[in-house]
Amino acid sequence: MSKKIKKPYWSLSTSDLLTQTGSTPDGLRTTEAKKRFHQIGANVLTPHRHDTVLKSLLTQFTSPLVLILIFAAIVSAIAGEWTDAVIVVIIVIASAMLSFVQEYRASQSVEKLRAQVAIKSTVVRDGKPQILPAEEIVPGDMILLSAGSLIPADGIVLEVRDFFVNQAVLTGETFPVEKKVGAVEKDTVLPARINMVFMGTSARSGTAKVLITKTGANTEFGEIAERLTLRPPETEFERGIQRFGNLLAQIMTALVLAVLAINIFLAKPPIDSLLFAIALAVGIAPELLPAIISINLSKGAETMAKSGVIVRRLNAIENLGSMDILCTDKTGTLTEGVVHLDGALDVNGSSSDEVMRLAYLNAAFQTGIANPLDEAILVHQHLDTSGMDKLEEIPYDFIRKRLSVVVDADPGTEIKPLLITKGALDKILAICAFVRSGKEAVPFNQEYKTAINLKYAEWSAQGYRVLGIAVKDVPRKNAYTVDSDECEMIFAGFLLFFDPPKTDVKITLEALTKLGVQVKIITGDNRLVARHVAEAVGLPVDSIITASQLRDLNDEALWNIAERTTIFAEVDPNQKEHIILALRKMGHVVGYMGDGINDAPALHAADVGISVDQAVDVAKEAADFVLLRHDLDVLLAGIKEGRRTFANTLKYIFTTTSANFGNMLSMAGASIFLPFLPLLAKQILLNNFLSDFPAMGIPGDNVDNDLVEKPHRWNIHFIRNFMIVFGLVSSVFDYATFGILLFVVHATEQQFQTGWFIESLLTELVIALVVRTRRPFFRSRPGKALWMLTLVVSIATLVIPYLPFSHFLGFTPLPVWVMIALVALTGLYVAAAEIAKKIFYAHQSW
């Protein structure tokens, strides 16, 4: 293992650094790297908690509801009610096991899916580059970085080529910083350590070889992570769950306190009254909701993975289903994503071998961001560059929107090197003072400007992406800069690229529209190309806004205009983020799909960040979802699955809130006029436990098409009204049951509790089949697991009173005709619930 570095490592020479880190220019040996990994741990800010099975199980007993039940069992034991205490404990353990098994399986499945899109780095070990998970990097490792790489740990650059890093997350610097080889003074402040790279930052352009010095929480980012890293913004789903929890807490508190006070006032046994009140609280609460949500989300993630969508953040699944606006670039989503160079033309629009040569040299010698335009140039024609030297590169950035290389085509001669600049046409024209006409360079006058702009507009309207290329002779010198060299250039000609629209994307866009998702294009391309693509794929062009127009708008104006705009053209990365935030401000759930370095801010700002597997690291890290194929069809399937997941979560909430609220309200009322408790605490808990079994089938339930056809969001007002209406319907039949048991059967205490237990549990089981759909229940087929579990538990409910141990639970066998009456009453309840459902949905909309 390496010795402790006493002198700051950024001030060490390369040889001293290698010595003190115990590394070599060829990196570590694999055996040494594994040894360090076991000693130091994973390269993460906070170590992963791979809980043992036992620890995961014990976690189930830490929820407030379980702790309340354990307290109730202790109170029973102290009061000498050992049978009740044991039964409560058994039910608690059984419920915890039920949740544990489902949640543990769900978490294991999700971890496997996330591993598919884990960030990886190129690490040199045993002298060979190999792709490894970033978590496995240790101090002393040698890594290779290129444009788009997420820097996985702190390190010193040993080799660089035009290497620029975006380190705003640490230093707040607006522009990328160039990194250079060589030690700096030991008291150099962090932003000025130009020989260092830092965890959490990203490579913007160029390449580098880096020696890792610190990993995980020991990095600069790790030391200030708590101050830098705010809690991720709550998703729409999380906010809905929180509001739902607040609603239940208010109802539980009011009902429990009222029942406890009234029962004590009526001089009923205080211990029994306390246990009854606690059981009521637990009975109202949907204690399986966390498990149901976990199972729902993990099942949704598994299904989406089969469709080619990997979920990186589970809680974003519901957001994907709620999404009503999707913002995307056109390349790869609306177009084929395979760019072809259609022509290299001179200033007159004629094909030019010289323009092609200049374009090839620029593309071949640039080492920055890999991009399809340069690939298209290199594929179009091959030129021999042997014997040529690259003297300098001024990398592409999103402000200049151009890239320059200095090429010495004849080293050792008096022929001057060429500065070749390629980029957005307007940015190229801005640095040109001359135009190449034949072999001569003539002044760039207004006549040429007008002719060039006309050609540009014509080609753009045909869907071509047009770049400009400029050139000039430069002297041999040590450094070339934007200010001193990218000026007074000669405009050489045009490069025309074409990316054809996808043949089937029009059908996909129509399907998205039917699902209530509006598609907007946010692109750096010019407005004419963007319009051409939109019209070609059938996207309605209501309005187009360009970057210059955006800069003239204040926030309030942008909020209103963004909704009505289909295409945002010529935008820069910051403007993408502002557009997303403006749409969210107007109440939309916004998705953003991007795969480039400049897409990261917008991906963070969106409710739903979507990237692709081939994206740069920073884009994938910022995304909630990663598509294995750059295809809107894949996303379409993901949206539908997100809506199914949301719908199934609501089914559990509707079932438990309506049935539980009705049953608990009935029991609370009955406890006032009955000389005994309508149900014992252990019977309430058993009721709750048994009703949870069918709920485990809800995540795999079928979902009606009408619940997938449009986006849905949390509506607590709707849920509250649903709970009240269906709770009251349930209570009507509860009191009908009370009437039959008291005045027809003349039931004893045990008979009453047995009959009421059967009826309340049966109604809770069947209501799940009713409220799971807006249609008549017999016209919507439930999932196999749901109806089978419902049938099994229903049969068990009818059998329990006749089992040998039933007296321990306070039950007694009932006459057959009473059982038939209870089943008939349950049938009437289903009919009444169907009528109530029809009336409710006629007057209430989600």
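The model shown is predicted, which means the values in this text are computed figures rather than measured ones.

Student: How do you make sense of the overall build of the protein when you look at a structure like this?
Tutor: Summing up its helical and strand segments, the protein has 30 helices and 23 strands in all. Here the protein holds 846 residues, and 54% of them are scored as buried. In the protein, once contacts between residues fewer than 6 apart in sequence are set aside, the share between residues at least 24 apart is 74%. As presented, the protein carries roughly 36600 Å² of accessible surface, and 58% of it is formed by carbon and sulfur atoms.

Student: Is there a simple way to explain the pattern of salt bridges in this structure?
Tutor: Think of it this way: side chains of opposite charge can pair up when their charged atoms draw near. Counting across every chain of the model gives 22 salt bridges. Linking arginine 465 and aspartate 525 is a salt bridge whose minimum nitrogen-to-oxygen distance equals 3.0 Å. Within this pair, whereas arginine 465 is found in strand β16 (residues 465–473), its partner aspartate 525 is found in the loop between β18 (518–522) and α19 (527–536), the two being separated by 60 residues in sequence. In this structure, arginine 772 engages aspartate 701 in a salt bridge whose closest nitrogen and oxygen atoms are separated by 2.7 Å.

Student: Help me out: how do you make sense of the confidence of the model for the protein in this one?
Tutor: Regions with low pLDDT carry predicted coordinates that are not meant to be interpreted in detail. Overall, the prediction assigns the protein a mean pLDDT of 85, with 87% of residues at 70 or greater. Note on residues 226–231: pLDDT under 50 across the span, and 5 contacts to partners over four residues away in sequence or across chains.

Student: I tried to follow helix α27 (residues 716–744) on my own but got confused; where do I start?
Tutor: Two residues of an α-helix separated by three or four positions point the same way, owing to the 3.6 residues in each turn. The first and last C-alpha atoms of α27 sit 41 Å apart over 29 residues, in line with the 42 Å expected at 1.5 Å per residue. Where α27 starts, the residue carrying a side-chain oxygen 3.2 Å from the main-chain nitrogen of histidine 717 turns out to be asparagine 715. A positive backbone phi angle near 55° is found at histidine 746, which sits one or two residues after α27.

Student: Would you mind going over the nonpolar core with me for this structure?
Tutor: Most often, soluble globular proteins have nonpolar side chains that are buried together. In this structure, Leu320, Leu509, Ile580, Ile610, Phe625, Leu632 and Leu635 are the most contacted members of the largest nonpolar core, which totals 69 residues. Looking at this core element by element, the count peaks at 6 residues for helix α25 (residues 632–673). Not counting chain neighbours up to four residues away, the residues in contact with leucine 635 comprise Leu320, Leu326, Met593, Ile610 and Leu627. Core analysis: the next-biggest nonpolar cluster, separate from the first, contains 34 residues, Phe689, Val745, Ala747 and Leu809 among them.

Student: Would you take a moment to explain the pairing of strand β13 (residues 418–424) for this structure?
Tutor: Consecutive side chains of a regular strand alternate in pointing toward one face of the sheet and then the other. By the criterion of burial, β13 is predominantly enclosed, with 6 of the 7 residues buried. Alignment of strand β12 (residues 402–408) against β13, held across 6 bridges, turns out to be antiparallel. The residue of β13 that forms the bridge with serine 404 is threonine 421. As paired elements, β13 and β16 share 7 bridges and run antiparallel to each other. Considered in β16, the bridge of leucine 419 is made with lysine 472.

Student: Teacher, can you tell me more about the packing of helix α28 (residues 749–771) against helix α29 (residues 784–799) here?
Tutor: Two quantities define a packed helix pair, namely the angle between the helix axes and the distance between the axes. The geometry of α28 relative to α29 is characterised by a closest axis approach of 10 Å and an angle of 170° between their N-to-C directions. Relative to α29, the element α28 lies roughly antiparallel. Along the contact surface, α28 presents Ile758, Leu761, Leu762, Leu765 and Leu769, while α29 presents Leu786, Thr790, Val793, Ser794, Thr797 and Leu798. Residue classes in the contact of α28 with α29 are distributed as 8 nonpolar, 3 polar and no charged.

Student: What is the right way to look at the sheet that holds strand β19 (residues 544–546) in this model?
Tutor: Paired through their backbone hydrogen bonds, the strands of a sheet run either parallel or antiparallel. Taking strand neighbours across the sheet as the criterion, the 8 strands line up as β8-β23-β22-β21-β9-β18-β20-β19 in an open arrangement whose pairing is mixed. Each having just a single partner strand, β8 (309–311) and β19 make up the two edges of the open sheet. For this sheet, the mean inter-axis angle between neighbouring strands, taken without regard to orientation, is 20°. Pairing of strand β9 (residues 325–328) with β18 involves 4 bridges; the strand directions are parallel. Residue pairing across strands places cysteine 327 opposite lysine 520, the latter belonging to β18.

Student: Sorry, what's going on with the packing of aromatic side chains here?
Tutor: By convention here, two paired aromatic rings are described through the distance between centres and the angle between planes. Counting across every chain of the model gives 20 aromatic pairs. Residues tyrosine 464 and phenylalanine 498 carry aromatic rings whose centres are separated by 5.5 Å and whose planes lie at 55° to one another, so their mutual orientation is tilted. Of the two residues, tyrosine 464 is situated in the loop between α16 (446–461) and β16 and phenylalanine 498 in strand β17 (residues 489–498); the sequence distance between them amounts to 34 residues. Among the residues examined, tyrosine 464 registers a relative accessible area of 17% and is labelled buried. What makes phenylalanine 498 partly exposed here is its relative accessible area of 25%.

Student: Can you help me understand the side chain of asparagine 648 in this one?
Tutor: Secondary-structure assignment places asparagine 648 in helix α25. Its relative accessible area of 3% is what places asparagine 648 among the buried residues.

Student: Please explain the packing of α27 against α28 as it appears in this structure.
Tutor: Packing of α27 against α28 brings their axes to within 10 Å, and their N-to-C directions diverge by 150°. Comparing their axes, α28 and α27 come out roughly antiparallel. Along this stretch, α27 crosses α28, giving a crossing that reads as right-handed. The residues of α28 that touch α27, namely those facing Phe722, Phe726, Phe733, Asp734, Thr737, Phe738, Leu741 and Leu742, are Phe752, Gly755, Trp756, Glu759, Ile767 and Val771. Tallied by class, the residues present in the contact of α27 with α28 amount to 10 nonpolar, 2 polar and 2 charged.

Student: Which parts of the structure should I look at to understand a nonpolar patch on the surface?
Tutor: The grouping of Trp787, Met788, Leu791, Ile795 and Val799 at the surface amounts to a nonpolar patch, some 450 Å² of accessible area in total. Judged by its relative accessible area of 40%, tryptophan 787 falls in the partly exposed class.

Student: Where do I start with the environment of valine 347 in this structure?
Tutor: Checked against the element boundaries, valine 347 lands in the loop between β10 (340–346) and α13 (353–365). On the basis of relative accessible area, valine 347 is assigned to the buried category, the value being 4%. Put simply, valine 347 and isoleucine 452 are 105 residues apart on the chain and 7.2 Å apart in space, counted from C-alpha to C-alpha. For valine 347, the contacting residues outside a window of four places in its chain are Val435, Arg436, Tyr448, Ile452, Lys455, Phe491, Ala492, Gly493 and Phe494.

Student: Even after reading the chapter, I still don't get the environment of methionine 723, so can you show me in this structure?
Tutor: The topology assignment puts methionine 723 in helix α27. Given the relative accessible area of 2%, methionine 723 is considered buried. As for methionine 723 and threonine 655, which are separated by 68 residues in sequence, their C-alpha atoms are 8.9 Å apart. Contact partners of methionine 723, with chain neighbours within four places excluded, come to Leu247, Ile251, Thr657, Ser658 and Phe661.

Student: Please explain unusual backbone geometry as it appears in this structure.
Tutor: For residues other than glycine, phi is negative in most cases, and the peptide bonds are mostly trans. Residues other than glycine seldom take positive phi values, yet glutamate 488 does so here, at roughly 55°. As for its placement among the helices and strands, glutamate 488 is situated in the loop between α17 (482–485) and β17. Here glutamate 570, not a glycine, exhibits a phi torsion of approximately 60°, which is positive. Among the structural elements, glutamate 570 can be located in the loop between β20 (567–569) and α22 (573–585).

Student: Teacher, can you tell me more about the pairing of strand β3 (residues 142–146) here?
Tutor: Note: strand β1 (residues 120–125) against β3, 3 bridges, orientation antiparallel. By the bridge assignment, valine 123 is partnered in β3 with isoleucine 143. The sheet contact formed by β3 and strand β7 (residues 202–214) spans 5 bridges and is antiparallel. Looking at the pairing, leucine 144 lines up with lysine 209 of β7.

Rules behind the numbers
Residues numbered from 1 in each chain as written. Predicted model: local features only at pLDDT ≥ 70, side-chain atom pairs only at ≥ 80, totals over all residues. Heavy atoms only, no water. Helix = DSSP H or I, 4+ residues; strand = E, 2+ residues; numbered from the N terminus. Buried < 20%, exposed > 50% of the residue type's maximum accessible area, 1.4 Å probe, protein only. Contact = heavy atoms within 4.5 Å. Areas by Shrake-Rupley, 256 points an atom, 1.4 Å probe, with all protein chains shown as cover. Salt bridge = Lys/Arg side-chain N within 4 Å of Asp/Glu carboxyl O. pLDDT = per-residue confidence, 0-100. Expected span 1.5 Å × (residues − 1). Polar contact = N/O pair within 3.5 Å; in protein donor to acceptor, adjacent residues only side chain to side chain. Core = buried A, V, L, I, M, F, W, Y, C linked by side-chain atoms within 4.5 Å. Pairing = 2+ DSSP bridges. Axes fitted to C-alpha atoms, helices over the stretch in contact; angles between N-to-C directions. Parallel < 35°, antiparallel > 145°, perpendicular 65-115°, else oblique. Nonpolar A, V, L, I, M, F, W, Y, C, P; charged D, E, K, R; others polar. Phe/Tyr/Trp six-rings, centres within 6.5 Å; stacked < 30°, edge-to-face > 60°. Left-handed = near helix turned anticlockwise from the far one by under 90°. Patch = residues over 30% accessible without salt bridge, like charges linked within 9 Å, V, L, I, M, F, W, Y side chains within 5 Å.

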